[in-house]
Amino acid sequence: MTIRDVILKIESRLPLQQAEDFDNVGLLCGLPERNVSGILVCHDALESVVEEAIRRNCNLIVCFHPIIFSGLKTLTGKNYVERAVLKAIENKVAIYAVHTAFDNDLFGVNAGICEKLGLKNTRILQPKKNNLKQLTVFVPSEYSGQVREALFAEGAGSIGFYDECSFTVNGRGTFRPVEGSNPFSGQQNIRENADEDMVSVIFEAYKQGRIIAAMKEAHPYEEVAHQVYQLDNDHPYCGLGMFGELEQEMDENDFMMMVRETFGLQVIRHSAYTGRKIKRVGVLGGSGADGIHAALAAKCDAYLTGDLKYHDYFKAESRMLICDIGHYESEQWVTQQLFEILSQKFSTFAVSKSSEKTNPVNYFL
């Protein structure tokens, strides 16, 4: 099995198109055609993790955070990024990062946090925008089933927990083949009437190329009449953060004690108590200051994230308890989640979980 084969299987579960535009996901270094000896899953692909991969005969590291985030102008080993990349290249170890492709996933980072907190009725906090499109195609009625099946096979009509969704309206179409045409039916220079179906499906934008290709392949016409529309609808099953409800509402102090125990925290930085019970909780693993307003809009009683700055706490407006539980701490279950996904994908292949602790933040108590 090659690195490319492994990547194709990973991306069938975690499409990189789910990632944020600013991110640097995918294969960061290494040759795709090289055979895989083993896979090591980790949080950060630091030099110590690369050394661990070498010891364990793993020549592919699947990490959460990308070790290369912005451009590298040199590779001289002058900092921790260059040292890790150099060691990987010198020892023929490939590095592949998922980062916000997993952050935005319905069953990703934030789903893991919600599960640990026991939240119910979970929903995406910041649904991904400009991610849905609609295809409308006109097809002879006797071929509409064939075209629909081709569209479904490429992922059209699949949103959330439903697939093979479409809408069909029957009507009469007209066309006139002109010189140079090779019509499926009718004669040149004579207007034709056809009994046609208008088939409509919604799809995620990144699937457009293969969906259009499948439509044309299955369609009997030489020229396929179709339109593609960009939808304003947010994608309800893809996006950053999540929110849900606790089984039972809690006092703020009891809630803080539960959070500290659940995440194994030494300290929690938080805004002033509101004096209200905690029932609805928003979460965003990693750096989540941008989700504060979304959590307020969702009427969350508390919001958990990391990397907050001084002025971020004022945004609570005495309406919500904001808690900074730490960047790494909020993402601490990511390695296990990715390990479980890859173990299912490669049940007969060597997938290992890194034992290296890569949290760079320490606390003096």
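Located above this text is the structure these notes cover.
In every chain, residue numbers begin from 1 and rise along the written sequence. Totals for whole chains, interfaces and linings use all residues, but because this is a predicted model, local features are given only for residues with pLDDT of at least 70 and pairs of side-chain atoms are given and counted only at 80 or more. Hydrogen atoms and water are omitted, and side-chain values are computed over all heavy atoms in the structure.

Asks: In this structure, what is going on with the layout of surface pockets? I would like to understand it.
Replies: In this approach a probe as big as a water molecule rolls over the atoms, and the regions it shows empty are the leftover space. With a 1 Å grid spanning the protein atoms alone, the term cavity applies to any set of points in which a 1.4 Å probe fits but cannot get out, the term pocket to an open set with protein on both sides within 12 Å along at least five of seven lines, and the term lining residue to any residue with an atom within 4 Å of a point. Grid points are joined across faces, edges and corners, and a volume is the space filled by probe spheres set on the points. Empty space within the largest pocket amounts to approximately 710 Å³. If you go around the largest pocket, you meet 33 residues; those closest to its centre are His65, His99, Ser287, His327 and Glu331. Helix numbers and strand numbers start at the N terminus; a helix is a DSSP run of H or I with at least 4 residues, a strand a run of E with at least 2. If you list the elements that add at least two residues to the lining of the largest pocket, you get strand S2 (39–44), helix H3 (80–90), helix H4 (100–103), strand S12 (278–287) and helix H10 (327–330). Counting residues per element, the lining of the largest pocket draws most heavily on S12, at 4 residues. Gly is placed with the polar residues, together with every amino acid not listed as nonpolar (Ala, Val, Leu, Ile, Met, Phe, Trp, Tyr, Cys and Pro) or charged (Asp, Glu, Lys and Arg). Looking at the lining of the largest pocket residue by residue, the class counts come to 14 nonpolar, 12 polar and 7 charged. Its volume calculated, the second largest pocket comes out at about 440 Å³. Lining the second largest pocket are 20 residues; nearest its centre among them are Arg13, Pro15, Gln18, Asp105 and Glu204.

Asks: What's the story with empty space enclosed by the protein in this structure? I'm lost.
Replies: In the structure shown here, the tally under the stated rule is 1 cavity of 30 Å³ or more. By volume, the largest cavity is sized at about 40 Å³. Forming the boundary of the largest cavity are Ile10, Arg13, Leu14, Val62, Val98, Leu338, Ile341 and Leu342. Elements supplying a minimum of two residues to the lining of the largest cavity: helix H1 (3–13) and helix H11 (334–345). Counting residues per element, the lining of the largest cavity draws most heavily on H11, which supplies 3 residues.

Asks: Explain the environment of Lys92 to me, please; I cannot follow it from the model alone.
Replies: Inspection of the secondary structure puts Lys92 in the loop between H3 and strand S4 (94–97). Taking the C-alpha atoms as reference, Lys92 lies 9.2 Å from Ile54; in sequence the two are 38 residues apart. We call two residues in contact when some of their heavy atoms are within 4.5 Å. Residue contacts for Lys92: discarding those within four places in its chain leaves Arg34 and Asn59.

Asks: Quick question: what am I supposed to make of the side chain of Ser200 here?
Replies: Position of Ser200 among the secondary structure elements: in strand S8 (residues 192–204). For this analysis, a polar contact is any N or O atom pair within 3.5 Å, provided that within protein one partner can donate a hydrogen and the other can accept it, and provided that sequence-adjacent residues contribute only side-chain to side-chain pairs. A distance of 2.5 Å separates a polar atom in the side chain of Ser200 from a polar atom in the side chain of Gln134. With residues near it in sequence (within four places) discarded, Ser200 still touches Gln134, Leu135, Thr136, Ser166 and Phe167.

Asks: Would you explain the environment of Arg4 in this entry?
Replies: One can find Arg4 in helix H1. The exposure class assigned to Arg4 is partly exposed, which follows from its relative accessible area of 43%. Remark: the alpha-carbon pair of Arg4 and Val224, spanning 220 residues in sequence, is separated by 34 Å. Non-local contacts of Arg4, meaning those with residues more than four positions away in its chain, are made with Pro32 and Glu33. Type-normalised accessible area, obtained with a 1.4 Å probe on protein chains alone, sets the label of each residue: buried when under 20%, exposed when over 50%, and partly exposed for intermediate values.

Asks: Hey, could you run me through the packing of aromatic side chains in this one?
Replies: Any aromatic ring pair is given by two values, namely how distant the centres are and how the planes are angled relative to each other. By convention, a stacked pair of Phe, Tyr or Trp rings (six-membered ring in the case of Trp) has centres within 6.5 Å and planes under 30 degrees apart, an edge-to-face pair has planes over 60 apart, and any other such pair is tilted. Under the defined criterion, the tally for this structure stands at 7 aromatic pairs. Aromatic side chains Phe263 and Trp333 sit 5.1 Å apart centroid to centroid with 50° between the ring planes, which places their arrangement in the tilted category. With Phe263 in helix H8 (residues 252–263) and Trp333 in the loop between H10 and H11, this residue pair connects regions lying 70 residues apart in the sequence. Trp333 matches Phe263 in its accessibility class, with the two residues each being buried. Following the ring pairs from residue to residue traces out a cluster consisting of Phe107, Phe161 and Tyr237. Both a distance and an angle decide whether a charge sits over a ring: NZ of Lys or CZ of Arg must be within 6 Å of the ring centre and within 35 degrees of the ring normal. The lysine or arginine in question, Lys353, covers the ring of Phe339, its NZ or CZ lying 5.8 Å from the ring centre.

Asks: Can you help me understand H3 in this one?
Replies: Turn by turn, an α-helix covers 3.6 residues, leaving residues three or four places apart pointing in a common direction. The set of residues buried in H3 consists of Val81, Glu82, Ala84, Val85 and Ala88. All buried residues of H3 lie within an arc of 165° about the axis, which places them on one face of the element. Facing away from the buried surface of H3 by more than 90 degrees, the exposed residues are Tyr80 and Glu90. At its buried positions, H3 is contacted by strand S1 (26–29), helix H2 (47–55) and S4. Here H3 starts with a cap whose side-chain oxygen sits 3.1 Å from the backbone nitrogen of Val81, and that cap is Asn79. Count one or two residues on from H3 and you reach Lys92, which has phi positive near 55°. Throughout, the arc means that of the directions going from the helix axis to the C-beta atoms.

Interpretation in functional terms is not warranted from these geometric data alone.
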